[in-house]
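An overview of the molecular structure
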Amino acid sequence: MTAEVIRDILRYTDVTIFVYFIALNSSYLVLIVLAGLEFGRHLRRAPFAGADDMFRSPLTLPVSVIVPAYNEGPGIVAAVTAMTALRYPRYEVVVVDDGSGDDTFERLRAEFDLVEVPRVVPGEVPYHSRVLSVHVARANPETLTVVRKTNGGKADALNVGINLARHPLICMVDADSVLDPDALLSVAKPFGDDPLRVAACGGVVRIANGCKVVGGRVVDVRMPRQWLVRIQVVEYLRAFLMGRTGWSRLGGLVVISGAFGVFRRDLVVEIGGMATDTIGEDAELVVRLHHHLRRRRQDYRVIFVAEPVSWSEAPSSLRVLGRQRRRWHRGIAEILRKHRGMIANPRYGRIGLIALPYYVVFELLAPFVELAALVLLPLGLWVGAVDLAFVWRFVLVAYGYGLLVSLAALFIEEVSFHRYPRWGDLVRGVLAAILENFGYRQILAVWQVRGALGALHGRRAEWGVMHRTGFDTGRESAEPVSVGVDR
Amino acid sequence: MLGLFTVVLEVLAGVVAVTVLAIVGVRVFRKVRQRRRAALAAGPRQALLAFVADNGEHGAQELVAIPDDAWRAAEPGALALLGKLRGEAHLALVSVFLQRGIARTALGDLHSRSRVKRARAAQVLGDLELRQAVPELCRLLTDRHDEVRVVAVRALGRIGDPAAAWRIIASLDRSDPVPSLLATHTLVQLGAEAEVTLSAALDHPQARVRAVCLDALGLLGATGSVHRMARVLREDSYLDVRVAAATNLGKLGTRGALEPLQQALSPSRPAALRAAAARALGELGAPSAVPILADLLGDDEFQVAHEAAHALRRLGPAGAGALADAIESERTQAGAHARPSASASHAQEALALSRVGAEHGERVGAGA
């Protein structure tokens, strides 16, 4: 009798898990279709979008680009040089050296002839560290500011940067990001098009591994050499490019990557800047912005632009990837816990009723369900709750649907932006979409579960150190970059 | 159940295979189309470059005679070229477009049911700077789609006919107006002839309209409107409008702006307005504002004190002297090792930036 009950429970659980997988992949597919529609809309309008007019207008809103840097010595000069050469009419770059132990500051001082100036830090948003000194470039004091402070973490460094930012828009960029020349223009454009409503705008982050970078610009886009990174390329396309564009179209975007996003400074100051008590401070800021503006019943938009882009180096080892994904999932768990009052709360509109519940069911819980399936399906088979014919069909449909979703993302990319011009890269992309299902997804689920449990138990978050291989600069040996954003 | 699974699997396998084929098909199609277009556009592109290099004196008829499919392939490049050209070459290329009937087609497309077509047509007419299109483009300012209205405003700015000023101003007075910054830029592009209209619109009941007109007048350097702008600074009921008035009075650079800006610094006024007035006094460049700005260094409002310090920096040697005096007087009173007050900190910051700028200027001067 008891054995029969257990068999029934396992049978129903397995069917429930199957339904969950179908729902999960269907939701991805819906987002990808929405992204496809948005890309079509974007491309049809490109000829009259007015980017050149924006570049020429004396009224284009100036931007403060805030670059938190921690032990970025090997790459900081190239990054800042590229950032000071973006195509945008008026902007400043504020580099916040967050107590680096290496020569980050010395390299900047030597390259840009920095000179120390006494600067009053307003304290409009709280920060917990101590500002040691503020420096400006002697040749262009209005364009480049470098702040030295005691170590306080990325969020704290951003808060210091927000305090020192002089312009109405702030753009947060990772120190190892490589921006397309028009990236700032594109991400700031929605603020000019709809200045009363646009509160924040995210830009897409693509993977730079394997690409050729010359003079701080990606000049030749290629698939990375390692399969681990190739799989991440497909993953970024599906989840970041398509997923976030889809959410933007639905009016439910809750994540803007800390690697590239523009915000209205006044609103960020109003809500108290970056939270220092969570590891996912970028997404937390967006959720808090929604919370604030919804409570104020303000008509606003948080949007996402798909091109041009910011390029970042992705982890190429399992160890670093694991740490990154634990951190990301921990961030999601912390944010959802912190803002649980918004979940399923009609007061917060689409964010409360659609986006956040989706994040609970299909982002936070997905790795738990995936792991449950990996355990319960063989168990069900063992106790005779399901037969082998059911199991192999279950696995093929679940992973086959996942593969279809990835291929759909590749198809939309091919129709719209087609950034990978080589036939070989196309084949590698398709193969990576297949390979993703063999081991990668499963180990990802383990890391994500550990990250979520870490948030639950309130364990101290780890940033770790990421050894970077650097970009292909077209020279015989690229300078290896030892430490980067993955702190 | 198993039967259903099998069917689903078969369908899934089919869709996966079709998607892979579609990816390959899209790439093949795009490559073929790109190659064909490149081949078609090669000849016209060369002819266009030769025409432009010749300042448009020779080769117009050859461009007009290019077959339609080849011209369509080269047209995006030709339109981009149009935006970069000035003078005779621009007029000559516009003439080629007109002879090819592009303007006529675009005027017809302004009535298209497709908003993308209407917007594209407006863009082309703006690129051609076609004055005859102004009434039609003004009609588009009430289009039900905002993206079409935005392109129409930009096109009107490029054409630069001051007759469109009122219609652009009117397009701001609706529930979903065109972006203020775009309208301002367009109104500035209409030139000094639009000043009378802009000045009159300072009495418009809609605050957004008044703010846009103030910004446009400031950018145009409309010194004839200084008294009207000063009145808005004194009397307007909206703080944002008064801040815009202060900011733009500073841009005029005329003596008449000094008194109203000084009055706006009164402690009874809101901090945002006082900060804007302090900044505007720096822009104005009037050394007589130095004493009043120096008094503001100790203001309780961070933004007011900060702007006053930087305004003094912009006022040159007189302002730098006042900043140095503020630091020195505090040092004398509180001692050399005392922690600097907020006013001294603001003064130190502005003075340091002033010195950096001066040093750089000297180096550049010496290098030259």
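Residues numbered from 1 in each chain as written. Chains lettered and ligands numbered in written order. Predicted model: local features only at pLDDT ≥ 70, side-chain atom pairs only at ≥ 80, totals over all residues.

**Observations concerning the overall build of chain B**
In plain terms, the rule: In this description a helix means any DSSP run of H or I spanning at least four residues, a strand means any run of E spanning at least two, and both kinds are numbered starting from the N terminus. Between the two quantities, the radius of gyration covers C-alpha atoms and the globule rule is 2.2 Å times the number of residues to the power 0.38. To sort residues by burial, count the other C-beta atoms lying within 10 Å of each one's C-beta; a count of 20 or more means buried, 12 or fewer means exposed, and anything in between means partly exposed. C-beta atoms are built from the backbone. We call two residues in contact whenever the C-beta atoms placed from their backbones are within 7 Å.
Along chain B, the regular secondary structure elements total 20 helices and zero strands. Over its C-alpha atoms chain B spans a radius of gyration of 30 Å, topping by over 25% the 21 Å that the globule rule assigns to 368 residues. Along the longest, intermediate and shortest principal axes, the C-alpha atoms of chain B span 85 × 70 × 55 Å. When each of the 368 residues of chain B is scored for burial, the buried share is 41%. Pairs at least 24 residues apart make up 65% of the contacts formed inside chain B by residues separated by at least 6 positions.

**Considering the domain arrangement of chain A**
All names here are of chain A. Quick reminder of the rule: A domain assignment, automatic or from a database, supplies the domain bounds used here. Each residue gets one label: Ala, Val, Leu, Ile, Met, Phe, Trp, Tyr, Cys and Pro are nonpolar, Asp, Glu, Lys and Arg are charged, and the others, such as Gly, are polar.
We note that the domain assignment places domain 1 (2-22 + 363-457) and domain 2 (49-344) within chain A. Each of domain 1 and domain 2 has a C-alpha centre, and these two points are 32 Å apart. Across the contact, 29 residues belong to domain 1 and 24 residues belong to domain 2. Mapped onto the side of domain 1 that touches domain 2, the elements with two or more residues apiece are α11 (349-364), α13 (388-415) and α14 (423-457). Considering every element that reaches the side of domain 1 that touches domain 2, the biggest residue donor is α14, with 17 residues. When grouped by side-chain class, the residues that make up the side of domain 1 that touches domain 2 number 16 nonpolar, five polar and eight charged.

**A word on the interface of chain A and chain B**
Counting residues at the interface gives 42 residues for chain A, matched by 43 residues for chain B. Those elements that place two or more of their residues in the side of chain A that touches chain B are α1 (2-45), α2 (51-56), β3 (114-117), α6 (183-193), α13 and α14 of chain A. Top element by residues in the side of chain A that touches chain B is α13(A). It accounts for 15 residues. For the side of chain A that touches chain B, the class distribution of residues is 27 nonpolar, five polar and 10 charged.

**Topic: the domain arrangement of chain B**
Residues and elements named next belong to chain B. Domain annotation for chain B reports domain 1 (97-159), domain 2 (177-263) and domain 3 (265-334 + 342-354). Between domain 1 and domain 2, the contact holds seven residues from the first and seven residues from the second. Broken down by class, the residue content of the side of domain 1 that touches domain 2 amounts to three nonpolar, one polar and three charged.

**With respect to the UniProt feature "transmembrane region" (unreviewed entry) in chain A**
Residue and element names in this part refer to chain A. Selection rule: UniProt positions are given in the numbering used here, feature names are shortened, and annotations may be inferred rather than shown by experiment.
Here, UniProt's "transmembrane region" (unreviewed entry) annotation points to residues 17-37, 356-384 and 390-412. Here residues 356-384 runs as 93% helix and 0% strand, with 38 Å between its end C-alpha atoms. This span, residues 390-412, is 100% helix and 0% strand, and a straight line between its end C-alpha atoms measures 33 Å.

**A few points about the sheet that holds strand β4 (residues 131-137) of chain A**
Residues and elements named next belong to chain A. Rules: Strand pairing follows a simple DSSP-based rule, namely that at least 2 bridges must link the two strands.
The mixed open sheet is built from 10 strands, whose spatial order is β3-β4-β5-β2-β1-β6-β11-β8-β12-β7. Only two strands of the sheet have a single partner each, and these edge strands are β3 and β7 (178-179). Looking at chain direction, strand β8 (residues 198-207) and strand β11 (residues 260-264) are connected through three bridges and run antiparallel. Across the sheet, Cys-201 pairs through a bridge with Val-262, a residue of β11.

**Digging into the environment of Val178(A)**
Residue and element names in this part refer to chain A. Considering the arrangement of structural elements, one finds Val-178 in strand β7. Given 25 C-beta atoms within 10 Å, Val-178 falls into the buried group. Taking the C-alpha atoms as reference, Val-178 lies 19 Å from Lys-189; in sequence the two are 11 residues apart. With sequence-adjacent residues up to four places away left out, Val-178 is seen in contact with Ala-82, Ala-208, Val-213, Gly-216, Arg-217, Val-218 and Trp-311.

**Considering the UniProt feature "transmembrane region" (unreviewed entry) in chain B**
On the UniProt side, "transmembrane region" (unreviewed entry) is annotated at positions that read residues 6-29 of chain B here. Secondary structure within residues 6-29 of chain B divides into 100% helix and 0% strand; the distance between the first and last C-alpha atoms comes to 34 Å.

**Looking at the packing of helix α7 (residues 227-250) of chain A against α14(A)**
Residue and element names in this part refer to chain A. Note the threshold: An axis is simply a line fitted to the C-alpha atoms; with a helix, the fit covers only the stretch in contact. Between two such axes, the angle follows the N-to-C directions and lies from 0 to 180 degrees. In this scheme, roughly parallel covers angles under 35 degrees and roughly antiparallel covers those over 145, while 65 to 115 is roughly perpendicular and the rest are oblique.
Running from N to C, α7 and α14 point in directions that differ by 105°, and their axes come no closer than 8 Å. Comparing the axis directions of α7 and α14 gives the class roughly perpendicular. The segment α7 lies against α14, with Trp-227, Arg-230, Ile-231, Val-233 and Val-234 engaging Arg-428, Gly-429, Ala-432, Ala-433, Leu-435, Glu-436 and Tyr-440. Taken together, the residues that form the contact of α7 with α14 break down as eight nonpolar, one polar and three charged.

**Regarding the environment of Met172(A)**
Residues and elements named next belong to chain A. Structurally, the position occupied by Met-172 is in strand β6 (residues 169-173). Taking the C-alpha atoms as reference, Met-172 lies 5.6 Å from Phe-260; in sequence the two are 88 residues apart. Sequence-distant contacts of Met-172, defined by excluding residues within four places in its chain, comprise Ile-66, Leu-158, Gly-258 and Gly-261.

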